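A structural walkthrough
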Amino acid sequence: MNAIQRVVVLGATGSIGVSTLDVIARHPERLSVYALSANSRMESLAAQAAACGAAVVVVPDDAAAARFRQAWRGPAPMPQVRVGAQALAETAADPACDTVVAAIVGAAGLPSALAAARAGKRLLLANKEALVAAGPLFMQAVRDSGAELLPIDSEHNAIFQCLPHGGRASAPTEPAAGVRRLLLTASGGPFRRADPADLDAVTPAQACAHPNWSMGRKISVDSATMVNKGLEVIEAHWLFAMPPERIEVVVHPQSVVHSLVEYEDGSVLAQLGQPDMRTPIAYALGFPDRLASGVGLLDLARVGRLDFEAPDLERFPCLRLAFDALRAGQPACIALNAANEVAVDAFLSGRLPYTWIARVIGAALEWQAGRSSGTLADLNDVLALDADVRAYAGNLGLA
Ligand code: NAD
Ligand code: MG
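Position numbers for residues count from 1 along each chain, tracking the sequence in the order it is written. Whichever chain is written first becomes A and whichever ligand is written first becomes 1, with later ones labelled in order. Where totals are concerned, whole chains, interfaces and linings use all residues; where local detail is concerned, this predicted model gives features only for residues with pLDDT of at least 70, and gives and counts side-chain atom pairs only at 80 or more. Working from all heavy atoms in the structure, the side-chain values ignore hydrogens and water.

Remarks on the site of ligand 1
- For this purpose, a residue is taken to be near a molecule or strand whenever a single non-hydrogen atom of the residue falls within 4 Å of it. The environment of ligand 1 is formed by 22 residues, the closest being Thr13, Ser15, Asn39, Glu129 and Gly216.
- Whenever a nitrogen or oxygen atom comes within 3.5 Å of another N or O atom, the pair is scored as a polar contact, on the condition that within protein one atom can donate a hydrogen and the other can accept it, and that pairs from neighbouring residues in sequence are kept only if both atoms are in side chains. In the environment of ligand 1, an oxygen atom lies 3.3 Å from a nitrogen or oxygen atom belonging to the backbone of Gly11.
- At a separation of 2.9 Å, an oxygen atom of ligand 1 approaches a polar backbone atom of Ile16.
- Taken together, the elements giving at least two residues each to the shell around ligand 1 come down to α1 (15-25) and α6 (128-145).
- Three categories are distinguished: nonpolar for Ala, Val, Leu, Ile, Met, Phe, Trp, Tyr, Cys and Pro, charged for Asp, Glu, Lys and Arg, and polar for the others, with Gly belonging to the last. Here the shell around ligand 1 is built from residues that sort into eleven nonpolar, eight polar and three charged. Going along the chain from the N terminus, every DSSP run of H or I of four or more residues is numbered as a helix, and every run of E of two or more is numbered as a strand.

Laid out in structure tokens, this is it:
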């Protein structure tokens with residue numbers, strides 16, 4: 001790796017992207033930005049690119065490129081502007097960069113994250129949907145290329161920190177020796193104690209009001225339904241080669257314990273900290289060194305108590321559906337993820353009641369189970385099934 005890591009941030013204008021740029025700016029002696037991407041908000045992208053001196057930006061189409069150029073206020077030279085999905089994947093594999101932060105939301109981030117994995121980059125993965133949809137393909141690409149895969153989803157980063165990885169970031173084919181179970185913590189979101197009868201009337205603003213974390217809108221809704229924890233169980237299965245029956249979810253409303261690893265001898269190791277994504281991002285950017293992240297002290301006396309409870313699968317049917325999908329196999333995981341993306345999008349734009357998100361996912365899983373699933377040998381197969389599920393789910397229950 002070069003003396004100064006050159007970083008590509010995919011999804012720079014999002015919640016994870018902004019936190020990543022904050023950490024990078026604290027360490028000019030070892031981190032620099034090579035390229036940024038965004039799908040919208042070209043003014044924000046232009047301001048970010050000017051502030052960090054990015055050499056390249058990647059935008060979705062020519063209209064966005066024109067908006068970017070118009071919004072540019074930085075000192076010359078303007079970054080090179082690359083356009084389209086192909087350019088996004090090529091930039092993730094660009095020989096001029098060492099490290100790729102995959103922080104696009106949804107399966108839209110899969111092709112570029114996979115391109116980084118295939119190119120053997122240090123890959124900081126926030127985009128859990130990529131692993132949910134294409135776990136086997138993705139992990140094989142990491143193994144084949146020798147990429148360094150570092151999870152920045154807080155739970156998986158916590159587990160990574162608690163595993164005996166011996167300072168290596170890799171894609172294991174079996175569970176780490178001596179580990180009995182992985183325990184993923186979940187906050188329970190804004191509706192942990194809500195009366196299920198009130199959930200029909202939930203608004204997007206209520207669903208996005210997470211008690212502990214500030215995040216993008218899609219993952220905020222995912223946290224409210226707890227499908228996020230289900231996606232994370234699938235993510236943990238692939239990252240750590242752990243069978244579903246050895247992954248447990250525990251609700252922990254304070255979001256201080258980010259996850260735990262239980263060993264055969266009864267030891268349980270946990271990683272704690274404030275709920276601020278700059279900690280796992282800094283861990284992965286600096287690995288194996290520790291970098292200052294800007295995150296403040298964890299004042300345990302002020303936190304006062306740490307509570308834990310079993311998840312209520314009646315109240316959170318999406319979590320059960322995710323375990324079902326993981327046991328059923330990759331086509332079901334693709335269906336779960338794609339149906340959820342369609343349903344959350346419809347909910348956020350006022351076309352679907354909140355409680356229908358679980359129904360749409362359930363219906364898509366049944367629909368998928370009743371089809372003869374072809375092989376999922378490559379990215380195109382995954383994207384084709386993803387598109388079929390979206391077409392099916394898009395017609396369900398929409399107002
Ligand atoms: P966000 O909505 O805040 O940002 C998403 C980013 O992706 C934006 O830059 C947007 O322009 C870009 N984008 C959106 N659609 C795109 C498309 N079709 N093509 C290309 N780019 C596109 O999302 P976020 O909260 O930062 O989450 C990003 C990813 O990280 C998600 O997979 C999420 O599950 C995961 N994650 C987020 C957090 C968090 O605290 N926000 C924590 C853990 C994991
Ligand atoms: Mg998480």
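Some remarks on the coordination of the magnesium ion (ligand 2)
- Summarising the metal site, the magnesium ion (ligand 2) is bound by the protein donors Asp153 (OD), Glu155 (OE) and Glu232 (OE), whose distances to it range over 2.1 to 2.2 Å.
- Metal sites are built from N, O and S donor atoms within 2.8 Å, or 3.2 Å for Na, K and Ca, and they leave out water, so they may look incomplete. Between the donor residues of the magnesium ion (ligand 2), the gaps in sequence give the motif D-x1-E-x76-E. Remark: Glu232 occurs in helix α10 (residues 227-240) and Asp153 occurs in the loop between β7 (148-151) and α7 (154-162); sequence separation between them is 79 residues. For the pair formed by Asp153 and Glu232, the shared burial category is buried. For every residue, the accessible area (1.4 Å probe, protein chains only) is compared with the maximum for its type, and the residue is labelled buried under 20%, exposed over 50%, or partly exposed between those bounds.

Structural notes on the side chain of Asn127
- If you trace the backbone, Asn127 turns up in the loop between β6 (122-125) and α6.
- Judged by relative accessible area, which is 1%, Asn127 ranks as buried.
- Throughout, a residue-residue contact means that at least one pair of heavy atoms, one from each residue, lies within 4.5 Å. Sequence-distant contacts of Asn127, defined by excluding residues within four places in its chain, comprise Ala102, Ile104, Val105, Gly106, Gly109 and Leu110.

Observations regarding the sheet that holds strand β5 (residues 99-102)
- What makes two strands pair is DSSP finding at least two bridges between them. An order of β4-β3-β2-β1-β5-β6-β7 is seen for the seven strands of this open sheet, with the pairing classed as parallel. Of all strands in the sheet, those with a lone pairing partner are β4 (80-83) and β7, marking the two edges. Across the sheet, the axes of successive neighbouring strands diverge by a mean angle of 25°, strand direction being ignored.
- Running at roughly 170° to β6, helix α11 (residues 278-286) makes contact with β1 (5-10), β2 (31-37), β5, β6 and β7 of the sheet. Angles here are taken between N-to-C directions and fall from 0 to 180 degrees, while the axes themselves are lines fitted to C-alpha atoms, restricted in helices to the stretch in contact.

Focus: the packing of aromatic side chains
- When two rings of Phe, Tyr or Trp (its six-membered ring) have centres within 6.5 Å they constitute a pair, described as stacked for plane angles under 30 degrees, edge-to-face for angles over 60, and tilted for the intermediate range. Counting across every chain of the model gives seven aromatic pairs.
- With 5.8 Å between their ring centres and 55° between their planes, Tyr283 and Phe287 make a pair best called tilted.
- Its relative accessible area of 5% is what places Phe287 among the buried residues.
- Centroid distance Phe347 to Tyr354: 5.5 Å. Interplanar angle 65°. Geometry classified as edge-to-face.
- The buried category is assigned to Tyr354, whose relative accessible area is 6%.

Notes on the sheet that holds strand β8 (residues 179-186)
- Read across the open sheet, the four strands follow the order β9-β8-β10-β11; overall the sheet is mixed. At either margin of the open sheet sits one strand with a lone partner, and together these are β9 (247-251) and β11 (268-272). For this sheet the average axis-to-axis angle between neighbouring strands, irrespective of direction, equals 20°.
- Its contacts with the sheet put α10 on β8 and β9, and the angle it makes with β8 is roughly 150°.

Honestly, it's all geometry; don't read function into it.
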